[in-house]
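Geometric and topological summary
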Amino acid sequence: MDFFLSLLVKGLILGAIYGLVALGFVIIYKATSVINFAVGELMMFAAFLAVAMTAIYGLPLAAGIGITLALMVLFGFVLERGVLRPMIGRPVVGMIMATLGLGIFLRGFVSITWGVQTRNIDLLLPTKPLQLGNISVGAVDLAGLGIALFLAAAFAYLFQRSRMGMALRAVADDQQAAMAMGIRVSTVFAVSWTLAGVTAVAGGLIWGAKIGVDQYLALLGLKVFPAAILGGLDSLAGALIGGLVIGVTENLAAGYLDPHVGGGLKDFVPFVLMLVVLMVRPYGLFGREIIERV
């Protein structure tokens, strides 16, 4: 029982950190109806920026994180103005391909600028695991859990209670109708990409402190994709719940199944779970079903 509880608790905490990254998918999709396949690369880029600010230029941690956050918000704004704004009104597949190209560009830029070696981020958290009964949990994991819950609550308030949130949802429903109502679609796109920059910084810092900062950090975007699909691409709460489900499933598979098959099973079990759920609920557990007149 202790073994099961340990896997369950650690899986829930891991899932919350997955949900933190999945928020990057949901924010862009919820505002623009575009799947951003550069989530992992944006997170990797933010992590390298934080390393550059603190380890290379020697800035204090708080100043380094603040500058990284400002640079990622600015990067999201410039990206929308320079790459995505000319594509407003065009087929969605074009914007999806633009995010794929962005990911390739960021991987190459990081390699040229900072090299391919693994770097570390020191968030000044306790190195000794914290004991929750018989279960030991790292301070980085608990920090990731707290940040994920805070950002999910903040974004939920933004989308549901603010005028900008209503504009974001209106543009996602119908760009042409939103423009006819006086909503500036370009401004909405810019806001959504700056918010994605915020989630990239949060995810990059936590995962960078947890596993190190290198190009493999970008692969987490693909690994977290089942969590975003499972919860529903337009649901902030669904992203977190999908992350929790994926985290627990992955941890239980690692603990009970991997020893019998030689390892590696936990890496594709989340994708199998995603496919099973989509056969029953094509829009995910909490996704909004779209009904169109024909």
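In case you missed it, the structure is sitting above this.
Summarised in this report is the structure supplied together with it. Predicted model only: the values in this text are computed from it and were never measured.

Here's the deal with the overall build of the protein chain
- Counting its secondary structure elements, the protein chain contains eleven helices and two strands.
- Counting from the amino terminus, helix and strand elements in the protein chain follow one another as α-α-α-α-β-β-α-α-α-α-α-α-α.
- Taken against the 2.2 N^0.38 rule, which gives 19 Å for 294 residues, the C-alpha radius of gyration of the protein chain at 19 Å falls within 12% of a compact globule.
- Along the longest, intermediate and shortest principal axes, the C-alpha atoms of the protein chain span 60 × 50 × 35 Å.
- For the protein chain, buried positions account for 48% of its 294 residues.
- Summarising the internal contacts of the protein chain: among those between residues at least 6 apart in sequence, 76% fall at separations of at least 24.
- For the protein chain, the exposed surface amounts to about 14,200 Å²; the carbon and sulfur share of it is 68%.

Observations concerning the pattern of salt bridges
- If you walk through the whole model with that rule in mind, you get four salt bridges.
- A salt bridge links Asp141 to Lys210; its shortest N-O distance comes to 2.6 Å. Of this pair, Asp141 sits in helix α5 (residues 139–161) while Lys210 sits in helix α8 (residues 185–211); the two residues are 69 residues apart in sequence, bridging distant segments of the chain.
- The exposure class of Lys210 is partly exposed, given its relative accessible area of 33%.
- Glu250 is the partner of Lys223 in a salt bridge, and the nearest nitrogen-oxygen pair spans 3.6 Å. Linking Lys223 in helix α9 (residues 220–231) with Glu250 in helix α10 (residues 236–261), this pair joins segments that are 27 residues apart in sequence.
- Judged by relative accessible area, Lys223 falls into the partly exposed class, the value being 25%.

A short note on the packing of aromatic side chains
- Applying the stated rule across the entire model yields ten aromatic pairs.
- When the ring of Phe109 is compared with that of Trp114, the centres are 6.2 Å apart and the planes differ by 85 degrees; the resulting orientation is edge-to-face.
- Residue Phe109 is classed as partly exposed on the basis of its relative accessible area, which comes to 33%.
- Under the relative-accessibility criterion, Trp114 is labelled buried at 13%.
- Through a chain of ring-to-ring contacts, three or more aromatic side chains come together here, namely Phe45, Phe48, Phe75, Phe105, Phe109 and Trp114.

Quick look at the environment of Arg169
- Tracing the chain through its elements places Arg169 in helix α6 (residues 163–173).
- On the basis of relative accessibility, which here comes to 26%, the residue Arg169 falls in the partly exposed class.
- Considered as a pair, Arg169 and Leu49 are 120 residues apart in the sequence and their alpha carbons are 31 Å apart.
- When sequence neighbours within four positions are dropped, the list of residues in contact with Arg169 reads Lys30, Phe159 and Gln160.

Each value, and the rule that gives it
Residues numbered from 1 in each chain as written. Predicted model: local features only at pLDDT ≥ 70, side-chain atom pairs only at ≥ 80, totals over all residues. Heavy atoms only, no water. Helix = DSSP H or I, 4+ residues; strand = E, 2+ residues; numbered from the N terminus. Rg over C-alpha atoms; globule rule 2.2 N^0.38 Å. Buried < 20%, exposed > 50% of the residue type's maximum accessible area, 1.4 Å probe, protein only. Contact = heavy atoms within 4.5 Å. Areas by Shrake-Rupley, 256 points an atom, 1.4 Å probe, with all protein chains shown as cover. Salt bridge = Lys/Arg side-chain N within 4 Å of Asp/Glu carboxyl O. Phe/Tyr/Trp six-rings, centres within 6.5 Å; stacked < 30°, edge-to-face > 60°.

Remember that the coordinates give geometry; whether it matters functionally is a separate question.
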